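In case you want the letters, here they are:
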Amino acid sequence: MTMPPVMAASPIIEVSHVYTRFGTAVVHDDVSLTIEQGEVFAIAGGNGSGKSTLMREIIGLHVPASGTIHLMGIDSRRLGQMGVQDIHRRFGVMFQQGALFSSLTLEDNVAVPLKEHTNLDPTLIREIVALKIASVGLPMESATKFPSELSGGMRRRAALARAIVMDPELLFLDEPTAGLDPIIAAGFDELVLQLKAVLKLTVVMVTHDLDSLWRIADRVAVLGEGKILGIGTMQELAQSQNPLVHEYFYGPRGRAARKQYQE
Amino acid sequence: MIGKPQNSEPHVLIMNDSVIRCEGAWTIPYLTMLNEVLTKIQWPAGGGLVWDVVNIRAMDTGGAVVLHRTLTQLRHEGRQISVEGLRPEFEELLQVVSSNWSQVSGLKASQESYRQRLERWGTRQAQQAVTTLEFLGECAVTVIESLKRPSLIRRQALIHSLEEDGFRALPITGLLAFLLGFVIAYQGAEQLRQFGANIFVVDLVGISLLREISPLIVAILIAGRSGSAYAAQIGAMKVTEELDAVRTLGLSPMQLLVVPRVCALMIAVPLLTVYADVLGVMGGSVIAASQLNVSVTEFISRFEEAVAIRHFFIGIGKAPFFAIIIALVGCYQGFQIRGSVDDVGRRTTMSVVQSIFLVIVFDAFCSIVLSWWDI
C-alpha cells in the first residue's frame, strides 16, 4: 500500500542477537541488523553463509535457536499463528525457484493472494492480475500457461508478480537474478527499482550478484563466519578492511562489477 | 502498524453538477465497498466532470484500476473529465495502470471450441499410443540383450530391489494371506456345516488360495507397494534431470532402472506367492480346527488328496506375468512424468490403478484359456 509513512522512524525489520545452528554447524552467531522503510537492503555473502536462512527466519519459516526478530513490529515467531494473517498481506516473498503452484496457470497463481485474502469480484481480480502480469513484463499469452510450460526467467517474473499482487509494503527476494542471463538480470534490477518507485516498497533481497548489488542496493550486509562482516552502502563496504569482505568485492568479478558501476 | 489511516472508508461524493469528490483509502481491503458505491452512483447528467481527488489518502494498484476504469468509462460516454489534486505518487501509479491497460483486455478466457478440444484429445491419445509402443519396444530389446549377456544386468540394483520389493514385503503379505485364508474358511464354514461337509473346507481354502487368491493378493500388494514407488522414483529422477545425466554418461536408463526392477519382481512375486499360499492355508486350517472340528492332521492329509499340484503351479505360473505387468506399468508411468510435481502424483496413482486393472484382466484371460483346456 502506498501510504504516507506515519512512523517513519521505526525500522520495518529488526533482527537482534540471532543465533542459529543446524546440528553442530553454527550458521548465525549473534547476528543483529535493522532494515529501514523504503530502502533496498541486500543480504550478501558466500555460499552457505546463512543468507537464505536469515531471510527465512525473518519471514517466520524458520525459528532461530535464540534471539528475536521483529517484522513490522510483530515477533516473527508469531507469524505462523492464527490471527496474524493480516501481516501476510503486507509482505510478498519471491522464492528462489519461483515456488509457483504447478497445478495452477500463471494467471491463477498470481491471483491466489487476492482470492484468498480479499472478497473482490472476479472481474476486478482479473484486471489487477493482468496488470501485474503486464507490469513484470510477461506477455498476456503466457497467462494461461502452467509453470512447467514457462522458461526459468518467466517463472521468476511470474513469482514476482504473485509477490507484488497485493501491493505489499515489503518485498523479499531470494536470489532474484541467479541463473538469469545478463540482459534479463539487468531488466530484473530495473523492474525492482521501478516497482520500488511506484509502490514505495521496502525490498529485502538475498543475492550474490555483484552487479545487482552495485546497481540497486541502498545498503548491504555481508554475512560470513556466522557474523555480519560488514554493513553499509556498497561504497562503504568497498573500503572495508575485513579480508573476507575485501575478497568479496575485490575478487576478479567484484572488480569488474565495481568498475562498470563507476563508469 | 505502519501507515494505517483511521476512518479510511472510501467515498465518492457528488458535490454539484460538475464536481465529484473522492475520499478515503482506495486500497484493496476497501475496494468491494468502493465498487458498490460506484455501481449505485447516478452521475450528473451531461457535460464535463471535475474529479477532486485531493482527499484520497491511500491508493494501491487495485484502487488505481478502479479509478482508471471509472474514468475511462465516463470518457467513453463522451464527457470531459479532469482530475485535480492527485498526489504525485498516486499519479505515477495511475500512469502505470493506464499504460498497461491495453494489455489487460488481452487476458480474457480463451474459449476452445469442442472441435479443438477433440482434436487435442485425439492427438494426445495417438501420441500416448506411440510412446507406449516405443517404451515396450525399447524394453523388449533391452531385456533380450540382457538375457543374451546376463552380465549386463546390474547386480547391485537387482539385489537392492529384491530386498526392498521382496524381502520387506514379507510381513504384510504374510499377514494378509493368513487373514484371507481365515476369512474364506470362516465364511465357508457356516455353509459346509449345514451339509455336514466339514472336511471340504480344505478343498475350498486350498484350491481358491493356491490358484487365484494368493497370486492376486500378492500382485495387488506389490502394485501398491512397488509399482507406485517405481513410478515416483523414476518420475522424480526425470524432474531432477537425473535421467538426462544417465543418458549423457552413456548409460541406458532402461538397462539401469527398468531391467533390474523387472527381474527383481519376476523373482520376488512368485516367491511371495508361495509364501502367501503357505500362510493362507495356515489361516484356513486354524478356522477348520476351531470351527469345523477338522484337526490339523486331517487337514493335511485331505489337502494331499484334494488339492492337485497343478493348482499350485497355475498359481505361481501366473505370478511372473503379474510381476512383468506391474514393473513395466510402474516404470512406464515414471518415464511419462513431465516436469511438474502434479504429474508425479497423477502418474503414481495411474500406475497402481492400471497395473491392478491389467493384472485382473490377465487373470481372467488365464481362467478362460485354462477352462478351455480343462485344467
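For every chain, the first residue of its written sequence is number 1, and the numbers climb from 1 along that sequence. Here every chain gets a letter starting at A, and every ligand a number starting at 1, in the order they are written. Residues qualify for local features only when their pLDDT is at least 70, as the model is predicted, and side-chain atom pairs are given and counted only at 80 or more; totals for whole chains, interfaces and linings, by contrast, use all residues.

## Some thoughts on the overall build of chain A
- Secondary structure elements are defined from DSSP: runs of H or I of at least 4 residues count as helices, runs of E of at least 2 residues count as strands, and each element is numbered from the N terminus. Scanning chain A for helices and strands turns up nine helices and 10 strands.
- When the 263 residues of chain A are sorted by exposure, 47% land in the buried category.
- Long-range contacts, defined as pairs at least 24 residues apart, comprise 64% of the intrachain contacts of chain A with a sequence gap of at least 6. In this scheme the burial state of a residue depends on its C-beta neighbours within 10 Å: 20 or more other such atoms mean buried, 12 or fewer mean exposed, and anything in between means partly exposed; the C-beta positions come from the backbone. Contact between two residues is assigned whenever their backbone-derived C-beta positions fall within 7 Å.

## A word on the overall build of chain B
- Each helix and strand counted, chain B has 12 helices and four strands in total.
- Classification of the 375 residues of chain B by burial places 34% in the buried group.
- Pairs at least 24 residues apart make up 85% of the contacts formed inside chain B by residues separated by at least 6 positions.

## A word on the packing of helix α4 (residues 114-148) of chain B against helix α9 (residues 253-291) of chain B
Residue and element names in this part refer to chain B.
- For helices, the fitted axis covers only the stretch in contact; all axes are lines through C-alpha atoms, and the angles between them, taken along N-to-C directions, range from 0 to 180 degrees. Their axes nearest at 10 Å, the elements α4 and α9 cross at an angle of 75°. Here α4 lies roughly perpendicular to α9, going by the angle between them. Packed against α4, whose contacting residues are Glu138, Cys139, Thr142, Val143 and Ser146, the element α9 presents Met254, Gln255, Val258, Val259 and Val262 at the interface.
- In the contact of α4 with α9, the residues fall into six nonpolar, three polar and one charged. Should an angle lie under 35 degrees it is considered roughly parallel, over 145 roughly antiparallel, and from 65 to 115 roughly perpendicular; all remaining angles are considered oblique. All amino acids are sorted into three groups, where Ala, Val, Leu, Ile, Met, Phe, Trp, Tyr, Cys and Pro are nonpolar, Asp, Glu, Lys and Arg are charged, and the leftover types, Gly among them, are polar.

## What about the sheet that holds strand β2 (residues 25-35) of chain A?
Residues and elements named next belong to chain A.
- Taken together, four strands build an open sheet; the order of strands is β2-β1-β4-β5 and the sheet is antiparallel. Edge positions in the sheet fall to β2 and β5 (74-75), since each has one partner strand and no second.
- With respect to the sheet, helix α1 (residues 51-58) is in contact with β1 (13-22), β2 and β4 (66-71), its orientation differing from that of β1 by roughly 120°. Note: two strands are recorded as paired if DSSP finds a minimum of 2 bridges between them.

## Regarding α9 of chain B
- With 39 residues, α9 of chain B extends 54 Å from end C-alpha to end C-alpha; this agrees with the ideal 57 Å at 1.5 Å per step.
- Two axes enter the definition of the bend at a residue: one is fitted to the seven residues ending there, the other to the seven starting there, and the bend is the angle between them. The largest bend in α9 of chain B comes to about 30°, at Val259 of chain B, with the proline Pro260 of chain B one to four residues further on. Under the convention used throughout, the expected extent of a helix is 1.5 Å for every residue step, that is, one less than its residue count.

## Topic: α4 of chain B
- The terminal C-alpha atoms of α4 of chain B lie 51 Å apart, and with 35 residues this matches the ideal 51 Å at 1.5 Å per residue to within 8%.
- Counting buried residues in α4 of chain B gives one out of 35 residues, a small share hidden from the surface.

## A few points about the sheet that holds strand β3 (residues 49-59) of chain B
Residue and element names in this part refer to chain B.
- Strand order in the open sheet formed by four strands is β1-β2-β3-β4, with mixed pairing between adjacent strands. Two strands in the sheet have a free side with no partner beyond their single neighbour: β1 (11-14) and β4 (81-84). Between one strand axis and the next, the sheet turns through 20° on average, direction left out of account.

## Considering the pairing of strand β10 (residues 227-232) of chain A
Residues and elements named next belong to chain A.
- As judged from the five bridges shared by strand β9 (residues 219-224) and β10, these two strands associate in the antiparallel manner. Across the sheet, the residue bridging to Val220 is Gly232, located in β10.
- Following β9, the chain reverses through two residues before pairing antiparallel with β10; Glu225 in that reversal takes a positive phi of roughly 55°.

## Comments concerning unusual backbone geometry
- Positive phi is not limited to glycine here, since Glu175 of chain A has a value of about 45°.
- Looking at the element boundaries, Glu175 of chain A is found in the loop between β7 (170-174) and α5 (182-199).
- Residue class for Glu175 of chain A comes out buried when judged on the 21 C-beta atoms lying within 10 Å of it.
- Unusually for a residue other than glycine, Glu241 of chain B sits at a positive phi of about 65°.

## Considerations on the packing of helix α1 (residues 31-40) of chain B against helix α2 (residues 61-76) of chain B
Residues and elements named next belong to chain B.
- Interaxial distance between α1 and α2 falls to 10 Å at its minimum, and their mutual angle equals 10°. Taken together, α1 and α2 sit at an angle that is classed as roughly parallel. For the element pair α1 and α2, the recorded crossing hand is right-handed. Touching Leu31, Leu34, Asn35 and Leu38 of α1 are Gly62, Gly63, Val66 and Thr70, all from α2.
- A per-class count over the contact of α1 with α2 returns four nonpolar, four polar and no charged. In this scheme the handedness of a crossing depends on how the near helix is turned from the far one: anticlockwise by less than a right angle means left-handed, clockwise means right-handed.

## Here's the deal with the pairing of β1 of chain B
Residue and element names in this part refer to chain B.
- Alignment of β1 against strand β2 (residues 19-26), held across four bridges, turns out to be antiparallel. Residue pairing for β2: Ile14 is matched across the bridge by Ile20.
- As consecutive antiparallel partners, β1 and β2 are separated by four residues.

## So, the confidence of the model for chain A
All names here are of chain A.
- Within a predicted model, pLDDT stands for the predictor's per-residue confidence, ranging from 0 to 100. Put simply, chain A has an average pLDDT of 80, and 93% of its residues get 70 or more.
- Strand β8 (residues 202-206) holds the highest mean pLDDT among the elements of chain A, 89, whereas helix α9 (residues 252-262) holds the lowest, 70.
- A low-confidence stretch, residues 1-7 stays under pLDDT 50, and its non-local contacts, those more than four residues away or across chains, total 23 contacts.

## A closer look at the environment of Asp60 of chain B
Residue and element names in this part refer to chain B.
- Structurally, Asp60 is set in the loop between β3 and α2.
- Note on Asp60: 25 C-beta atoms within 10 Å, which makes it buried.
- C-alpha of Asp60 to C-alpha of Ala25: the two residues are 35 residues apart in sequence and 8.9 Å apart in space.

## A closer look at the environment of Phe322 of chain B
Residue and element names in this part refer to chain B.
- Along the polypeptide, Phe322 turns up in helix α11 (residues 309-336).
- A sequence separation of 57 residues divides Phe322 from Leu265, and the C-alpha atoms of the two residues are 8.9 Å apart.
- Once you skip the residues sitting within four places of it in the chain, Phe322 turns out to touch Pro215, Ala219, Val269 and Val359.

## Considering the environment of Leu31 of chain B
- Positionally, Leu31 of chain B belongs in helix α1.
- Each C-alpha atom of the pair Leu31 of chain B and Gly63 of chain B lies 6.8 Å from the other, and the pair is 32 residues apart in sequence.
- Leu31 of chain B has contacts with Leu120 and Leu124 of chain A together with Gly62, Gly63 and Val66 of chain B, leaving out every residue within four places of it along the chain.

## Focus: the confidence of the model for chain B
Residues and elements named next belong to chain B.
- Averaged over chain B, the pLDDT score is 86; the fraction of residues at 70 or greater is 96%.
- This stretch, residues 1-5, has a pLDDT under 50; its non-local contacts, to residues over four places away or in other chains, come to 15 contacts.
- Quick note on the complex model: pTM equals 0.69, ipTM equals 0.71.

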